[in-house]
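# Summary of the model geometry
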Amino acid sequence: MSQAELTGVITPRNPLWTFGILRSELVTTLRRRRTFALLGVLAAVPVLIGIAVRMETGGGGPSGGHDGGAGPAFLAQVTNNGLFLVFASLAATLPVFLPMAVAVVAGDSVAGEAGGGTLRYLLVAPAGRTRLLLAKYASVLAFCLVGTLVVASSALAVGALLFPVGDVTTISGTRIGFGEGLVRAGLIAVAVAASLIGFAALGLFVSTLTNSGIAAMAATVGVLITVQILDTIPQLDAVHPYLFPHYWLSFADLLREPVPWDGLVKNFTLQGLYAAVFGSAAWARFTAKDITT
């Protein structure tokens, strides 16, 4: 076998290789025991929140919980409408639980296989490094969506079981039907997943810097915690709009009537910028990475 084949620089002419490796990465990522464990933890968060609210209020009145001024008081509405448990759970998991789960998957995507010695065997197949990296990034994005939907589905089931459901009162004070509320919940779940694409690219880049999956996961989580802290320091408010988690809670605007799109557009634009910058950095590093030793 030639050195070119080992380093994966051959460009395939058959597009089926692209779909084949993408399917392989998706199946590998979503069938790992670690992935099931992460999804189990994410699914448990709405259960704990729902039980806590039910025990505190006895299901008979509005909760006094509040989001500390950082966002809409979704918890205060859970006892009135179980659908609000979806919004409360997404607001609770987005700052910490969801990105930490993404950090584990993204951080291990390249570094884990490099450390285990399986990455160079993947490159023997005529897929090319660029296609392999894109497939790995796509699998991380798929996990972002699956993880968000798991949180939303768990919250919807628990909310319907423990609390009444019905028409939804938006943040603006208007009322919408339960069906439209479900549609808004689905859109919010997609918006939350899209809020993680920049961080996923950052995690993928970190994963190309080392052959240790654990080190890549820890470094990615460390970056997340550091940036989250920086985003809370008032003296750094000039840089806050450029930090990837700054507009994460803008998904709450989808519960206003009419929907103000400014925060959402800023969030998606910022995530796209992070994805472009760190995706390009990951590509530059991965295509030059020595994986033959």
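Counting of residues starts from 1 at the beginning of each chain's written sequence and follows it residue by residue. The model is predicted, so local features are restricted to residues of pLDDT at least 70 and side-chain atom pairs to those at 80 or more, both for listing and for counting; the totals for chains, interfaces and linings are taken over all residues. Excluding hydrogens and water, the side-chain figures rest on all heavy atoms present in the structure.

### Some details on the overall build of the protein chain
- Within the protein chain one finds 12 helices and two strands.
- Helix numbers and strand numbers start at the N terminus; a helix is a DSSP run of H or I with at least 4 residues, a strand a run of E with at least 2. The order of α-helices and β-strands along the protein chain, N terminus first, is α-α-α-α-α-α-α-α-β-β-α-α-α-α.
- Pairs at least 24 residues apart make up 76% of the contacts formed inside the protein chain by residues separated by at least 6 positions.
- Roughly 13400 Å² of accessible area belongs to the protein chain as shown, and the carbon and sulfur atoms make up 67% of that amount. Should any heavy atoms of two residues lie within 4.5 Å, those residues are counted as being in contact. All accessibility values rest on the Shrake-Rupley procedure with a 1.4 Å probe; residue burial counts only the protein chains present in the view.

### Some details on a nonpolar patch on the surface
- Note that patches include only residues with greater than 30% relative accessible area and no salt bridge, and the join distances are 9 Å for like charges and 5 Å for nonpolar side chains (Val, Leu, Ile, Met, Phe, Trp, Tyr). When a carboxyl oxygen of Asp or Glu is within 4 Å of a side-chain nitrogen of Lys or Arg, the pair counts as a salt bridge. On the surface, a nonpolar cluster with roughly 320 Å² of combined accessible area is contributed by Val41, Val96, Phe97 and Met100.
- Relative to the helices and strands, phenylalanine 97 resides in helix 6 (residues 97-116).

### Considering the pattern of salt bridges
- Taken as a whole, this structure holds seven salt bridges when the rule is applied.
- Here arginine 34 makes a salt bridge to aspartate 108, at a shortest N to O gap of 2.8 Å. Here arginine 34, found in helix 3 (residues 33-57), pairs with aspartate 108, found in helix 6; they are 74 residues apart in sequence, far enough to count as distant.
- Only protein chains enter the accessibility calculation, which uses a 1.4 Å probe; a residue is then buried when its area is under 20% of its type maximum, exposed when over 50%, and partly exposed in between. The exposure class of arginine 34 is partly exposed, given its relative accessible area of 30%.
- The class for aspartate 108 is buried, based on a relative accessible area of 9%.
- Across the pair arginine 256 and aspartate 253 runs a salt bridge, and its minimum N-O distance is 3.0 Å.
- Residue class for aspartate 253 comes out buried when judged on its relative accessible area of 14%.
- Salt bridges sharing partners connect three or more residues here, namely Arg32, Arg34 and Asp108.

### Let's talk about the packing of aromatic side chains
- The criterion for an aromatic pair is that two Phe, Tyr or Trp rings (for Trp, the six-membered ring) have centres within 6.5 Å, with stacked assigned to planes under 30 degrees apart, edge-to-face to planes over 60 apart and tilted to the rest. Following the criterion strictly, the structure yields six aromatic pairs and no others.
- Their ring planes at 50° and their centres at 5.8 Å tell us that phenylalanine 244 and tryptophan 248 sit as a pair that is tilted.
- On the accessibility criterion, tryptophan 248 (2% relative accessible area) is buried.
- Members of the aromatic cluster, each reached through a chain of ring pairs, are Phe199, Phe205, Phe244, Trp248, Tyr274 and Phe278.

### Here's the deal with the packing of helix 8 (residues 129-162) against helix 10 (residues 197-207)
- All axes here are fitted lines through C-alpha atoms, helices being fitted over the stretch that makes contact, and every angle between N-to-C directions spans 0 to 180 degrees. Contact geometry of helix 8 with helix 10 gives a least axis separation of 10 Å together with a crossing angle of 135°. Between helix 8 and helix 10, the crossing angle belongs to the class labelled oblique. In terms of crossing hand, the pair formed by helix 8 and helix 10 is right-handed. Residues Leu133, Lys136, Tyr137, Val140, Leu141 and Cys144 of helix 8 lie in contact with helix 10, whose contacting residues are Ile197, Ala200, Ala201 and Leu204.
- Of the residues contributing to the contact of helix 8 with helix 10, the split by class is nine nonpolar, no polar and one charged. Here roughly perpendicular refers to angles of 65 to 115 degrees, roughly parallel to angles under 35, roughly antiparallel to angles over 145, and oblique to all remaining angles. The crossing is said to be left-handed when, going from far helix to near helix, the turn is anticlockwise and less than a right angle, and right-handed when the turn is clockwise. Side-chain classes follow a simple rule in which Ala, Val, Leu, Ile, Met, Phe, Trp, Tyr, Cys and Pro form the nonpolar group, Asp, Glu, Lys and Arg form the charged group, and the remainder, Gly included, forms the polar group.

### What to know about the nonpolar core
- Among buried residues, those of type Ala, Val, Leu, Ile, Met, Phe, Trp, Tyr and Cys that are joined through side-chain atoms within 4.5 Å constitute a nonpolar core. In terms of nonpolar packing, the biggest core is built from 73 residues, with Phe74, Val86, Phe87, Val102, Ile188, Phe244 and Phe251 touching the most fellow members.
- The set of elements that each furnish at least two residues to this core consists of helix 3, helix 5 (84-93), helix 6, helix 8, helix 9 (178-194), helix 10, helix 11 (213-230) and helix 12 (262-288).
- It is helix 8 that contributes the most residues to this core, 11 residues altogether.
- Discounting residues that sit within four places of it in the chain, phenylalanine 244 has contacts with Phe199, Leu202, Leu224, Val227, Leu270, Gln271 and Tyr274.

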